[in-house]
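# Fold and contact review
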Amino acid sequence: MTAKLIKGTELRDKILEEIEAEVNEIKEKHGVVPGLVTILAGEDPASISYVTAKIKTAHKLGFNEIQDTQPADLSEEALLEIVEKYNKDDSINGILVQLPLPKHIDDKKILNAIDPDKDVDGFHPVNVGRLMIGGDAIKFPPCTPAGIQEMIVRSGVETSGAEVVVVGRSNIVGKPIANLMLQKGPGANSTVTIVHTRTKDLAAHCKRADILIVAAGVPGLVKPEWIKPGACVIDVGVNRIGEKISEKTGKKIAILSGDVDFDAAKEIAGYITPVPGGVGPMTITMLMKNTLKSLKFKLGIA
Ligand code: NAD
């Protein structure tokens with residue numbers, strides 16, 4: 001293997017330690033801790049496990065955390081009222097509504113009702129606008145893209161003037177990470193290209209990339225011959241390609257693969273993220289960072 005492995009699990013542990021230290025310091029000086037509420041409607045098993053992981057992490061960090069679980073037949077009006085209740089709650093700095101919501105509820109209407117200054121997921125149009133403006137305007141960068149940028153920067157990869165190619169143009173990964181890398185400032189200043197399903201020659205664009213960020217959700221999409229020798233490859237894709245029995249628990253678990261042919265790519269790239277254990281663990285970490293940031297903004301110390 002020639003590529004340096006960027007381990008999301010190790011970075012997560014380090015960043016969470018930093019957050020915990022800051023939480024303790026703020027608690028001592030200001031007598032408050034960050035408050036995070038997760039709102040879940042229904043009993044989708046995947047959503048329950050995501051929300052539980054978020055709340056567990058918040059608890060470990062000493063946050064004030066609330067898991068607000070509602071029935072799947074909750075009305076849209078009732079959910080809007082719940083969001084409004086937390087908007088007004090001074091002890092809450094971050095509000096996260098777990099998606100997907102039940103079909104009778106309009107996701108957009110709910111997300112748009114969250115106070116943009118408590119929108120730690122960074123999906124409210126105001127925060128999307130702040131991201132476009134850049135610089136000090138950015139309050140809450142969306143968590144997965146923020147985690148990707150953190151991985152690149154903390155690995156010591158040069159971003160200034162680098163050719164960054166992003167595969168995928170979704171609102172939660174592709175577009176925001178392209179925006180972050182385009183910003184004027186440290187950890188960015190890159191020349192960015194976004195490619196997608198209508199791009200004419202995907203391979204030609206990928207081959208130019210000093211930093212290749214792949215978020216397509218197509219296993220093995222990026223072939224090893226598309227990777228520039230020494231490039232930094234961030235594989236965001238999480239694809240279930242089968243099942244196996246866990247050695248730890250004896251239970252059936254999914255076999256996951258990224259969008260990049262990892263075994264071949266690691267012989268060409270300079271840096272590469274694994275799947276699992278790469279970008280995945282960074283998302284919850286950045287949610288915690290955004291929630292802490294929200295409290296810091298409120299205290300005027302951000
Ligand atoms: P999406 O389906 O919303 O968007 C995928 C994008 O990839 C689209 O813009 C599409 O144009 C592009 N695309 C798809 N097939 C392509 C192809 N053959 N050639 C070129 N472009 C192609 O998905 P998303 O929400 O952005 O997620 C992408 C992947 O990242 C998924 O596997 C998802 O599970 C994963 N993901 C991981 C994390 C995490 O690790 N924390 C977070 C979010 C998403």
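Thresholds applied
Residues numbered from 1 in each chain as written. Predicted model: local features only at pLDDT ≥ 70, side-chain atom pairs only at ≥ 80, totals over all residues. Heavy atoms only, no water. Phe/Tyr/Trp six-rings, centres within 6.5 Å; stacked < 30°, edge-to-face > 60°. Lys NZ or Arg CZ within 6 Å of the ring centre and 35° of its normal. Helix = DSSP H or I, 4+ residues; strand = E, 2+ residues; numbered from the N terminus. Contact = heavy atoms within 4.5 Å. Near = heavy atom within 4 Å. Polar contact = N/O pair within 3.5 Å; in protein donor to acceptor, adjacent residues only side chain to side chain. Areas by Shrake-Rupley, 256 points an atom, 1.4 Å probe, with all protein chains shown as cover. Axes fitted to C-alpha atoms, helices over the stretch in contact; angles between N-to-C directions. Parallel < 35°, antiparallel > 145°, perpendicular 65-115°, else oblique. Left-handed = near helix turned anticlockwise from the far one by under 90°. Nonpolar A, V, L, I, M, F, W, Y, C, P; charged D, E, K, R; others polar. Pairing = 2+ DSSP bridges. Core = buried A, V, L, I, M, F, W, Y, C linked by side-chain atoms within 4.5 Å. Buried < 20%, exposed > 50% of the residue type's maximum accessible area, 1.4 Å probe, protein only. Salt bridge = Lys/Arg side-chain N within 4 Å of Asp/Glu carboxyl O.

### Focus on the packing of aromatic side chains
- Counted under the stated rule, the structure contains 1 aromatic pair.
- A cation over a ring is seen here: Lys-223 above Trp-226, with NZ or CZ 5.7 Å from the ring centre.

### A word on the environment of Gly-270
- By the element assignment, Gly-270 lies in the loop between α9 (262-265) and β11 (271-272).
- Along the chain, Gly-270 and Lys-251 lie 19 residues apart, while their C-alpha atoms are 36 Å from each other.
- Among residues more than four places away in sequence, those in contact with Gly-270 are Thr-2, Ala-3, Lys-4, Gly-230 and Ala-231.

### Brief notes about the site of the ligand
- Surveying the vicinity of the ligand reveals 20 residues, the closest of which are Arg-169, Ser-170, Gly-217, Val-238 and Thr-283.
- Note that an oxygen atom of the ligand is positioned 2.8 Å from one of the backbone N or O atoms of Arg-169.
- A distance of 2.7 Å is found between a nitrogen atom of the ligand and a side-chain nitrogen or oxygen belonging to Thr-283.
- Relative to its unbound accessible area of 850 Å², the ligand is 70% covered by the protein chains.

### Some remarks on the packing of helix α6 (residues 143-154) against helix α7 (residues 174-182)
- Closest axis-to-axis distance for the α6/α7 pair is 9 Å, and the angle between their directions is 45°. With respect to each other, α6 and α7 are oriented oblique. Judged by the sense of rotation from one axis to the other, the crossing of α6 with α7 is right-handed. On the side of α6, the interface is formed by Pro-145, Ala-146, Ile-148, Gln-149 and Ile-152, while α7 contributes Pro-176, Ile-177, Leu-180 and Met-181.
- Taken together, the residues that form the contact of α6 with α7 break down as 8 nonpolar, 1 polar and no charged.

### What to know about the environment of Gly-94
- Structurally, Gly-94 is set in strand β4 (residues 94-97).
- Separated by 11 residues in the primary sequence, Gly-94 and Val-83 place their C-alpha atoms 11 Å from one another.
- With residues up to four places along the chain from it excluded, the contact list for Gly-94 reads Gly-35, Leu-36, Val-37, Lys-118, Val-120 and Thr-291.

### Quick notes on the packing of helix α1 (residues 8-30) against α6
- Two numbers describe how α1 lies on α6: the axes approach to 11 Å, and their chain directions differ by 95°. Compared by their axis directions, α1 and α6 come out roughly perpendicular. Contacts from Gly-8, Leu-11, Lys-14, Ile-15 and Glu-18 in α1 reach Glu-150, Met-151 and Arg-154 in α6.
- Residues of the contact of α1 with α6, tallied by class, amount to 3 nonpolar, 1 polar and 4 charged.

### Quick look at the sheet that holds strand β3 (residues 64-70)
- The sheet built from 3 strands is open, its strands ordered β3-β2-β4 with parallel pairing. Where the open sheet ends on each side, the last strands, each with one partner, are β3 and β4. Averaged over all neighbouring strand pairs, the angle between strand axes comes to 15°, with direction disregarded.
- Pairing of strand β2 (residues 35-41) with β4 involves 4 bridges; the strand directions are parallel. Among the inter-strand pairings, Val-37 is bridged to a residue of β4, identified as Ile-95.
- Across the face of the sheet, helix α10 (residues 280-299) comes into contact with β2 and β4 while running at roughly 125° to β2.

### Observations regarding the nonpolar core
- Membership of the largest hydrophobic core comes to 43 residues, with the highest contact counts inside it found for Ile-19, Ile-148, Ile-213, Ile-234 and Met-288.
- Breaking this core down by element, the ones donating at least two residues are α1, α6, β5 (163-167), α7, β7 (211-214), β8 (232-235) and α10.
- Beyond its immediate chain neighbours, meaning those up to four positions away, Ile-234 contacts Ile-6, Ile-148, Ile-152, Leu-212, Ile-213, Val-214, Thr-273 and Val-279.
- With 20 residues, the next largest nonpolar core counts Val-195, Val-214, Trp-226 and Val-260 among its residues.

### A look at the pattern of salt bridges
- Considering all chains together, one arrives at 16 salt bridges under this definition.
- Of the charged contacts in the structure, one is a salt bridge between Asp-117 and Lys-139, with a shortest N-O distance of 3.3 Å. Of this pair, Asp-117 sits in the loop between α4 (107-113) and α5 (125-133) while Lys-139 is found in the loop between α5 and α6, placing the two residues 22 residues apart along the sequence.
- Of the charged contacts in the structure, one is a salt bridge between Lys-289 and Glu-150, with a shortest N-O distance of 3.4 Å. Remark: Glu-150 occurs in helix α6 and Lys-289 occurs in helix α10; sequence separation between them is 139 residues.
- Using a relative accessible area of 15% as the deciding quantity, one classes Glu-150 as buried.
- One connected set of salt bridges, linked through shared partners, spans Lys-14, Glu-18, Glu-150, Arg-154 and Lys-289.

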